[in-house]
Amino acid sequence: MRYPTLPTRRTALALVALTTLVPGALTACGDDDEAEPEPDVGDADLVIEAHDLDFDEDEYRVAAGEPLIAYVQKGAVPHTLVIEEVDGFELEVDGSRVDKGTVALEPGTYTFYCDVPGHRSAGMEAEVVVE
């Protein structure tokens, strides 16, 4: 019969150091107690989430007029949101989790993208259909 071996002194010291220097290192992933709260988008007409180098959707829909747009950062990478067909509109998430703004949009299709160098070419572009 083979009995389990005890950890070596080196292994035990490494575990103590790991748990001391990195709190929570041995806890399960996805602990809901420490989950970051969802950002407050209020009464936004359009919510666009920026993930690492992508938006949460390829196409969005919103009513014509002056919609309130909420731009939500879902990660640590800074992003901007600009509209190709509209000069002067920009939202930015860099450390803040939400930026909001309104813009006058006539019915049609618009291209929203992140103008941080390299982000648009990596896929941070989406169509917004304004009805």
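Above this text you will find the structure in question.
Small disclaimer: the values here were computed from a predicted structure and weren't measured.

Enquirer: Teacher, can you tell me more about the overall build of the protein here?
Expert: Of the regular secondary structure elements, the protein holds one helix and eight strands. Out of the 131 residues belonging to the protein, those deemed buried represent 28%.

Enquirer: Is there a simple way to think about the pairing of strand S7 (residues 108-113) in this case?
Expert: Within a regular beta strand, the side chains point alternately toward one face of the sheet and then the other, so they alternate between its two faces. Alignment of strand S4 (residues 79-83) against S7, held across two bridges, turns out to be antiparallel. Within S7, the position partnered with Val 82 by the bridge is Tyr 113. Here six bridges tie S7 to strand S8 (residues 125-130), and the two strands are oriented antiparallel to one another. Residue Phe 112 lies in a different strand from S8, and its bridge partner there is Ala 126.

Enquirer: Looking at this structure, how should I read the environment of Glu 90?
Expert: Mapped onto the secondary structure, Glu 90 falls in strand S5 (residues 86-93). If near-sequence neighbours (up to four positions away) are discounted, Glu 90 is found in contact with Thr 80, Leu 81, Val 82 and Asp 115.

Enquirer: Which parts of the structure should I look at to understand the nonpolar core?
Expert: The nonpolar side chains of a soluble globular protein tend to be buried with one another. One finds Tyr 71 and Phe 112 to be the most contacted residues of the largest nonpolar core, which totals 23 residues. Those elements giving two or more residues to this core turn out to be strand S1 (46-50), strand S2 (59-62), strand S3 (68-73), S4, S5, S7 and S8. Of all the elements, S5 adds the most residues to this core, at four residues. Beyond its immediate chain neighbours, meaning those up to four positions away, Phe 112 contacts Leu 46, Ile 48, Phe 55, Ile 69, Leu 81, Val 82, Ile 83, Met 124, Glu 125, Ala 126 and Val 128.

Enquirer: It is not clear to me how a negative patch on the surface should be interpreted in this structure. Could you clarify?
Expert: A contiguous patch of negative charge, built from Glu 90, Glu 92, Asp 94 and Asp 115, is present on the exposed surface. Mapped onto the elements of the fold, Asp 115 is located in the loop between S7 and S8. Residue classification places Asp 115 among the partly exposed residues on the basis of a relative accessible area of 39%.

Enquirer: How should the sheet that holds strand S6 (residues 98-102) be read in this particular structure?
Expert: Backbone hydrogen bonds hold the strands of a sheet together, and the pairing may be parallel or antiparallel. Reading across from one edge, S1-S3-S6 is the order of the three strands in this open sheet, with mixed pairing throughout. For this open sheet the edge positions go to S1 and S6, each flanked by a neighbour on one side alone. Averaged over all pairs of adjacent strands, the angle between strand axes in this sheet comes to 20 degrees, irrespective of strand direction. In this structure, S1 lies alongside S3, joined through five bridges in parallel fashion. Bridge pairing in S3 links Glu 49 to Val 72.

Enquirer: Looking at this structure, I do not really get the side chain of Gln 73. What am I missing?
Expert: Assignment of secondary structure puts Gln 73 in strand S3. Within the local environment of Gln 73, its side chain forms a polar contact with the backbone oxygen of Gly 75, the two atoms lying 3.4 Å apart. Polar side-chain contacts of Gln 73 include one of 2.9 Å to the backbone oxygen of Val 77. With residues up to four places along the chain from it excluded, the contact list for Gln 73 reads Ala 50, Pro 78, Val 93, Asp 94, Gly 95, Ser 96 and Arg 97.

Scoring rules and cut-offs
- Residues numbered from 1 in each chain as written.
- Predicted model: local features only at pLDDT ≥ 70, side-chain atom pairs only at ≥ 80, totals over all residues.
- Heavy atoms only, no water.
- Helix = DSSP H or I, 4+ residues; strand = E, 2+ residues; numbered from the N terminus.
- Buried < 20%, exposed > 50% of the residue type's maximum accessible area, 1.4 Å probe, protein only.
- Pairing = 2+ DSSP bridges.
- Contact = heavy atoms within 4.5 Å.
- Core = buried A, V, L, I, M, F, W, Y, C linked by side-chain atoms within 4.5 Å.
- Patch = residues over 30% accessible without salt bridge, like charges linked within 9 Å, V, L, I, M, F, W, Y side chains within 5 Å.
- Areas by Shrake-Rupley, 256 points an atom, 1.4 Å probe, with all protein chains shown as cover.
- Salt bridge = Lys/Arg side-chain N within 4 Å of Asp/Glu carboxyl O.
- Lys, Arg positive; Asp, Glu negative; His and termini not counted.
- Charge placed at Lys NZ, Arg CZ, Asp CG, Glu CD.
- Axes fitted to C-alpha atoms, helices over the stretch in contact; angles between N-to-C directions.
- Polar contact = N/O pair within 3.5 Å; in protein donor to acceptor, adjacent residues only side chain to side chain.

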